[in-house]
Amino acid sequence: MNKNLVLILFLLVHLSLFFYLYPVNIIEAAAKGSWEPILVGFLLEALLTGVYLKGLSAFPGKDIVDIFTGISGKWIARAMLIPYFIFLFVNFNVAHRMELDSVNVVLLPKTPMLFLLLLYGIPFYAAWKGIHSIARGAVIVCIFGVPLILFSLMSSIKNFNFYQIFPLLDVHMTFFSKTQFYSALFAHSGFLFLGMLGLKEKISIRNIILVLMVLFFFGLCTVYVPLLIFGPEALIYLRYPVVLTSDTVDMEWVIFDWLPTFFVISTIAISMVEAAVSFWIMTTLLQKLFSFRKRGWAILCLGVMLYVSSAMIINTDLLDRLNSWNTIFCLYSIIVIPMMIWMMSSKYRRGSA
């Protein structure tokens, strides 16, 4: 796959995870100095991505399933990668169910959720077409969706109360003791898809860091834009703080006189890319780890499972509990898998020498 397409996918896969649970988790973890946990999360991801790419560079053309299977055997590969599958499965349900809840609230309040969940058919179809088709579609979404999101975020600047930014520092960094900080790290799991591409062309860590700098700006915006409008005390009680910030803007000259429409449509378009990538990874894991002969059957079975499990989420409290429970699998996926790939690459290089 072309390097530029990989970087666009890297941008969108991350971006889709920043707009709903992430700002609430960050504010709950650090009501003051909120930029600190955001920065720590990005620094951690930059470090882990560097380790991951260093390990993957020893196995050009192979994905992580091939690497684990080739070095340790299929049973070890299953044991190591099933937690990653569980994380993707639960995160898919939590992240995209919350996004569809926002569609239900903002755009289609009278539409039953069972019908809105049929939107899952879009990423299912994209995953069936393959990662290259997803990447080409991501280019179009990036061109139109990202500027609209940026416009929606920046249009509310006139409503900012800049005194809400203080205190700027949490000297003791108490967010490390808050479970919400670790729950927020799900937004930094997007780099793991690089290991499923079977990259033949090396991706420079410098390019990744440039994209992470752009994402860091969006991460700050998703937290500080609602923070500067509502304040930390009110923000933790809001389910969709970023959507509500655009609702504070009166802008009758735009094509939609209700700005949240811009935001929700754009975020849903970007989330469909991330959902397609996650679904493609899950079906690839199923197919390679459990020898599904036909990819179509893996897609069909997984699609039914995701639809049913999302339909069984009856309220937002259950979404929060699932997200907290999934933190264990998230930390395993973003820390253990890159480290294991790096250690396997070191062993492989010594054996080749």
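So, a few notes on the structure that sits alongside this text. (Residues numbered from 1 in each chain as written. Predicted model: local features only at pLDDT ≥ 70, side-chain atom pairs only at ≥ 80, totals over all residues. Heavy atoms only, no water.)

1. A word on the overall build of the chain
Tallying secondary structure elements over the chain gives 16 helices and 0 strands in all. Taken over C-alpha atoms, the radius of gyration comes to 20 Å for the chain, in line with the 20 Å a tight globule of 353 residues would show. The principal-axis extent of the C-alpha atoms belonging to the chain is close to 60 × 50 × 35 Å. Residue burial in the chain is summarised as follows: out of 353 residues, 55% are buried. With the model as given, the accessible surface of the chain reaches about 15,700 Å², and the carbon-plus-sulfur share is 69%. The averaged location of the 17 negative side-chain charges in the chain is 19 Å from the averaged location of its 24 positive side-chain charges. (Helix = DSSP H or I, 4+ residues; strand = E, 2+ residues; numbered from the N terminus. Rg over C-alpha atoms; globule rule 2.2 N^0.38 Å. Buried < 20%, exposed > 50% of the residue type's maximum accessible area, 1.4 Å probe, protein only. Areas by Shrake-Rupley, 256 points an atom, 1.4 Å probe, with all protein chains shown as cover. Lys, Arg positive; Asp, Glu negative; His and termini not counted. Charge placed at Lys NZ, Arg CZ, Asp CG, Glu CD.)

2. Some points on the packing of helix α5 (residues 74-106) against helix α14 (residues 295-311)
Geometrically, a packed helix pair is captured by the angle between its two axes and the distance between the axes. Axis separation between α5 and α14 bottoms out at 10 Å; the angle between their running directions is 50°. It follows from the interaxial angle that α5 and α14 lie oblique. For α5 against α14, the interelement crossing comes out right-handed. Here α5 contributes Phe 85, Phe 89, Phe 92, Asn 93 and Arg 97 to the contact with α14, which in turn contributes Leu 302, Met 305, Leu 306, Ser 309, Ser 310 and Ala 311. (Axes fitted to C-alpha atoms, helices over the stretch in contact; angles between N-to-C directions. Parallel < 35°, antiparallel > 145°, perpendicular 65-115°, else oblique. Left-handed = near helix turned anticlockwise from the far one by under 90°. Contact = heavy atoms within 4.5 Å.)

3. Some words on the environment of Tyr 22
Structurally, Tyr 22 is set in helix α2 (residues 21-29). Judged by its relative accessible area of 1%, Tyr 22 falls in the buried class. Taking the C-alpha atoms as reference points, Tyr 22 and Phe 181, separated by 159 residues in sequence, lie 9.2 Å from one another. If sequence neighbours within four positions are ignored, Tyr 22 has contacts with Leu 17, Ile 38, Phe 42, Ala 184, Phe 186, Ala 187, His 188, Gly 219, Thr 222 and Val 223.

4. Re the packing of aromatic side chains
The relation between two aromatic rings is expressed through the spacing of the ring centres and the mutual angle of the planes. For the structure on display, the rule yields 17 aromatic pairs. With a centroid separation of 6.5 Å and an interplanar angle of 20°, the aromatic rings of Phe 92 and Phe 124 are classed as stacked. Of this pair, Phe 92 sits in helix α5 while Phe 124 sits in helix α7 (residues 121-129); the two residues are 32 residues apart in sequence, bridging distant segments of the chain. The buried category is assigned to Phe 92, whose relative accessible area is 2%. Through a chain of ring-to-ring contacts, the aromatic side chains of Phe 18, Tyr 22, Phe 42 and Phe 216 assemble into a single cluster. In this arrangement the basic side chain of Arg 78 is found over the ring face of Trp 75, its NZ or CZ atom lying 4.6 Å from the centre. (Phe/Tyr/Trp six-rings, centres within 6.5 Å; stacked < 30°, edge-to-face > 60°. Lys NZ or Arg CZ within 6 Å of the ring centre and 35° of its normal.)

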